[in-house]
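If you want the building blocks of each chain, they are given just below.
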Amino acid sequence: MLFEGERALIFSPHPDDDVFGMGATMYMMAQKGIDVYSAYVTHGVREGDPERIKTRKSEAERACGIVGSKPIFLDVDYSLTSYEEMKDVYEKVNPDIVFINNRDMHPTHTRVFDLAKNVLKDKEVYLYEVWSPLKKPNVIVYFDEDIMEIKLKAMKCHESELKRRNFAEAFKALNIYRGILSEPFVRKYGAVGIGKGKYAEAFEKVVL
Ligand SMILES: [Zn+2]
């Protein structure tokens, strides 16, 4: 069992957080027939260079193609004061399953999380981890080498970001860490473990 519903919506602060944080889960949901939508809140280019924005969008489109997600670019202004665009996409997609980044240390992620609370208040959501690991994940999605290869392929679409930092290596390492260290929480402390494999993506199911 891997999340139940027809439509999944992922709020992603930048055009790559979804694939880095939960690319394997995205792929597995899409394979199961769930319509997966990636809502990219900002275009991820602070200085607003149009060429760079174009590059990041096409990288995100390619990555979505690999994991089976449909990209939606919200282009919320970088001042991040408006949540109308997030509300609109939420209403249009009308998802059964919602994912959002945890309130991590990156200021844009923190802001997106706080804004999204206006849209997702009192709703059940799954938090995924990007810039700060979750403290208490309670849903662990395991996967094997084959799916890691697909996730790596998708992450590597973000070439321009990978030139800055080796995110692909970092998130593979995080998935190994979760694969090894989640076992006691699944066995003893009530976390739900889904699937099998040496890698895992961790989530925290919460009501916002
Ligand atoms: Zn980000």
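Heads up: these notes are all about the structure in this document. Remember, it's a predicted structure, so these values are computed and weren't measured experimentally.

For the rest of this paragraph, the subject is the overall build of the protein chain. A tally of regular secondary structure across the protein chain gives eight helices and eight strands. Its C-alpha atoms give the protein chain a radius of gyration of 16 Å, within 12% of the compact-globule value 17 Å for 208 residues. Projected onto its principal axes, the C-alpha coordinates of the protein chain cover approximately 45 × 40 × 30 Å. Considering only intrachain contacts with a sequence separation of at least 6, the fraction spanning at least 24 residues in the protein chain is 80%.

Inspection of helix α5 (residues 145–155) places Ile-147, Lys-151, Ala-154 and Met-155 among the buried residues, and these make up the whole buried set. Buried residues of α5 fall within an arc of 100° about the axis and therefore sit on the same side. In α5, the exposed positions angled more than 90 degrees off the buried face are occupied by Glu-145, Asp-146 and Glu-149. Contact partners of the buried residues in α5: α1 (17–31), α2 (50–67), β6 (139–143) and α7 (167–181).

Ranked by size, the top nonpolar core spans 58 residues in total, and within it Phe-11, Phe-99, Ile-100 and Ala-116 carry the most contacts. When residues no more than four places from it in sequence are discounted, the contact partners of Phe-99 are Ala-8, Ile-10, Phe-11, Met-22, Val-125, Tyr-126 and Tyr-128.

Take the packing of α1 against α5 next. It is at 9 Å that the axes of α1 and α5 come closest, and there the two elements cross at 130°. Compared by their axis directions, α1 and α5 come out oblique. For the element pair α1 and α5, the recorded crossing hand is right-handed. Here Val-19, Phe-20, Gly-23, Ala-24, Tyr-27 and Met-28 of α1 lie close against α5, whose contacting residues are Ile-147, Ile-150, Lys-151, Ala-154 and Met-155.

This next bit is on the environment of Glu-149. Assignment of secondary structure puts Glu-149 in helix α5. In sequence terms Glu-149 and Lys-188 are 39 residues apart; their C-alpha atoms lie 30 Å from each other.

A few words now on the pairing of strand β1 (residues 7–12). Counted residue by residue, β1 has five buried out of six residues, so it is predominantly covered. Here β1 pairs with strand β2 (residues 35–40) via six bridges, running parallel. Pairing of Phe-11 across the sheet is with Ala-39, part of β2. In this view, the connection linking β1 to its parallel neighbour β2 by way of α1 has right-handed handedness. Two elements, β1 and strand β4 (residues 97–101), share four bridges in a ladder whose sense is parallel. Along β4, the bridge assignment pairs Ile-10 with Phe-99.

Parameters and conventions
- Residues numbered from 1 in each chain as written.
- Predicted model: local features only at pLDDT ≥ 70, side-chain atom pairs only at ≥ 80, totals over all residues.
- Helix = DSSP H or I, 4+ residues; strand = E, 2+ residues; numbered from the N terminus.
- Rg over C-alpha atoms; globule rule 2.2 N^0.38 Å.
- Contact = placed C-beta atoms within 7 Å.
- Buried ≥ 20, exposed ≤ 12 C-beta atoms within 10 Å, placed from the backbone.
- Arc of directions from axis to C-beta.
- Core = buried A, V, L, I, M, F, W, Y, C linked by C-beta atoms within 7 Å.
- Axes fitted to C-alpha atoms, helices over the stretch in contact; angles between N-to-C directions.
- Parallel < 35°, antiparallel > 145°, perpendicular 65-115°, else oblique.
- Left-handed = near helix turned anticlockwise from the far one by under 90°.
- Pairing = 2+ DSSP bridges.
- Right-handed = clockwise from strand over helix to strand, strands pointing away.

In short, shape yes, function no, at least from these values alone.
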